[in-house]
Amino acid sequence: MGTGIGQVAATHQCTVIFCDASAESLEHSRHILTSSIERMVEKVKLTGEAGRDIIGRCRWTSDMKEIAGADLIIEAIVEKFEAKEALFKAISEIIPDQTIVATNTSSLSITALAATISHPERFIGLHFFNPAPIMRLVEIVPALQTEKTLVEKMQHLMASWAKTAVVARNTPGFIVNRVARPFYGEALRIFDEGLAGCRAIDTAMKEVGGFRMGPFELMDFIGHDVNYRVTESVYNAMFQDPRYKPSLTQKSLLDAGWLGRKTGRGFYAYPDMEETMTSYSSGLNPTEIFGRIFAMLVNEAVDAVYMNICSEEDVENAMQLGTNYPQGLISWGRTFGMDRIMDIMSGLYERYREDRYRPSPLLTNI
Ligand SMILES: NC(=O)c1ccc[n+]([C@@H]2O[C@H](COP(=O)([O-])OP(=O)(O)OC[C@H]3O[C@@H](n4cnc5c(N)ncnc54)[C@H](O)[C@@H]3O)[C@@H](O)[C@H]2O)c1
């Protein structure tokens, strides 16, 4: 991620110093950045001169002192709180007061990370999506301690890097990783209940909903290690709110080492895409499958606005640019009919009596 983010900055005239503890990672970073720029030159997306200039603005080092004079430091090391905490403590020793420090964390609390640095008011979350040079979205996440003007400053900077920035309150999963949970979670629930098999669910989401990939194909693509851990981390960080409950079936894939495409086996066996687990009866038709998952997604998007996680405009942008959904969920929900979404949610709530299916108070009023 660090290499991709640095490539974006260097492409937009910034001098970039890549700093990593591992010499091997630094070499790998130099190699992937250089080959990415060379490919763009070959495809005439960049002139040779522009390509050379971008690479010329980059430097790779394992000596942290070299980043002491930077205006902005973006941390993208391993996703472990203790590692980031140790790094921010070390950075605090070498940077002047005015340096802005950002983290690209996907799942850790920005406020808790800010508390590890000498000037928490100059600390902020800048959550890029993978691959950073291609994905337009960046979630800007201020810590509780972040000074207000820094958000605006980062919005300007991200616009100058040709990114679409959305602002999220520091809550688990920020916007995208929170609002997208039902795409996986409700699909898994339908599967676990034996109401439809994974291919039937994938087909319904693609054919009825126009999603590029179905939930099971996408989970296999992302990898069950990554996808399950994000779900588990959001669930625990939300004090076990049943809306985000992980699936035992997905956990069993993780336990078996069936991580998806990268291990050749997940919900499907590759390359033939045979289903690996028995599908039971087909209790729901494609429209019902789509309706149930879609209603949960719209409810989650509306609730993010209700809970002041973000603005309506930002949740719309975030889900289209961060996950490539065919439409913004709230405007799509309006076209579908918010009263129909409410009917589906109320029907599920009546049937299961689970808090998981509680409709957002804003659902009929947005
Ligand atoms: N991979 C993604 O899709 C993705 C997307 C968005 C955000 N993120 C976030 O970006 C961060 C990095 O993710 P990644 O997938 O690029 O990880 P990665 O494991 O590929 O890379 C982490 C790099 O950090 C280096 N490193 C580890 N400890 C270090 C230290 N103390 N000092 C200096 N360098 C150190 C490692 O050598 C490695 O090169 C994580 O916080 C992750 O949550 C990842």
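Residues numbered from 1 in each chain as written. Predicted model: local features only at pLDDT ≥ 70, side-chain atom pairs only at ≥ 80, totals over all residues.

J.: Just to check I follow, could you spell out the environment of Val226 for this structure?
T.: Here Val226 lies in helix α11 (residues 224-237). Sequence separation between Val226 and Tyr306 is 80 residues; the distance between their C-alpha atoms is 28 Å. (Helix = DSSP H or I, 4+ residues; strand = E, 2+ residues; numbered from the N terminus.)

J.: Even after reading the chapter, I still don't get helix α2 (residues 23-42), so can you show me in this structure?
T.: Helical geometry: 3.6 residues make up each α-helical turn, so side chains three or four residues apart lie on a common side. Helix length check: α2 (20 residues) gives 29 Å between terminal C-alpha atoms against 28 Å at 1.5 Å per residue, within 8%. Taken together, the buried positions of α2 are Ser29, Leu33 and Ile37. Summarising the axial view, the buried residues of α2 lie within an arc of 50°, below the 170-degree limit, and thus occupy one face. Those residues of α2 that are exposed and aimed more than 90 degrees away from the buried face are Ala23, Glu24, Glu27, His31, Ser35, Arg39 and Glu42. Packed against the buried residues of α2 are α1 (2-11), β1 (16-19), α3 (48-56) and β2 (58-61). Residue Val44 follows α2 closely and has a positive phi angle near 60°. (Expected span 1.5 Å × (residues − 1). Buried ≥ 20, exposed ≤ 12 C-beta atoms within 10 Å, placed from the backbone. Arc of directions from axis to C-beta. Contact = placed C-beta atoms within 7 Å.)

J.: In this structure, what is going on with the site of the ligand? I would like to understand it.
T.: Taken together, 17 residues lie around the ligand, and Met1, Ala21, Ser22, Ser25 and Asn130 are the ones closest in. Tallied by class, residues from the shell around the ligand come to eight nonpolar, seven polar and two charged. (Near = placed C-beta within 6 Å. Nonpolar A, V, L, I, M, F, W, Y, C, P; charged D, E, K, R; others polar.)

J.: What's the story with the sheet that holds strand β5 (residues 123-128) in this structure? I'm lost.
T.: For sheets, the rule is that strands pair by backbone hydrogen bonds, running either parallel or antiparallel. Within the open sheet, the five strands sit side by side as β3-β4-β5-β6-β7. Their pairing is mixed. What marks the edges here is a single partner per strand, and that holds for β3 (72-75) and β7 (164-167). Each strand of the sheet is rotated relative to its neighbour by a mean of 30°, with strand direction disregarded. Here four bridges tie strand β6 (residues 137-142) to β7, and the two strands are oriented parallel to one another. Within β7, the residue paired with Glu139 across the bridge is Val166. Packing of helix α14 (residues 312-323) onto the sheet brings it into contact with β6 and β7, and relative to β7 it is tilted by some 130°. (Pairing = 2+ DSSP bridges. Axes fitted to C-alpha atoms, helices over the stretch in contact; angles between N-to-C directions.)

J.: I would appreciate a short explanation of the domain arrangement of the chain in the present structure.
T.: Think of interface size as the accessible area that goes away when the parts come together; that is how it is often given. Domain boundaries in the chain define domain 1 (2-167) and domain 2 (177-357). For domain 1 and domain 2, the distance between their C-alpha centres works out to 31 Å. Domain 1 puts nine residues into the contact, and the matching count from domain 2 is nine residues. The element that contributes the greatest number of residues to the side of domain 1 that touches domain 2 is β7, accounting for three residues. A breakdown of the residues in the side of domain 1 that touches domain 2 according to their chemical character gives four nonpolar, three polar and two charged. (Domains from an automatic or database assignment.)

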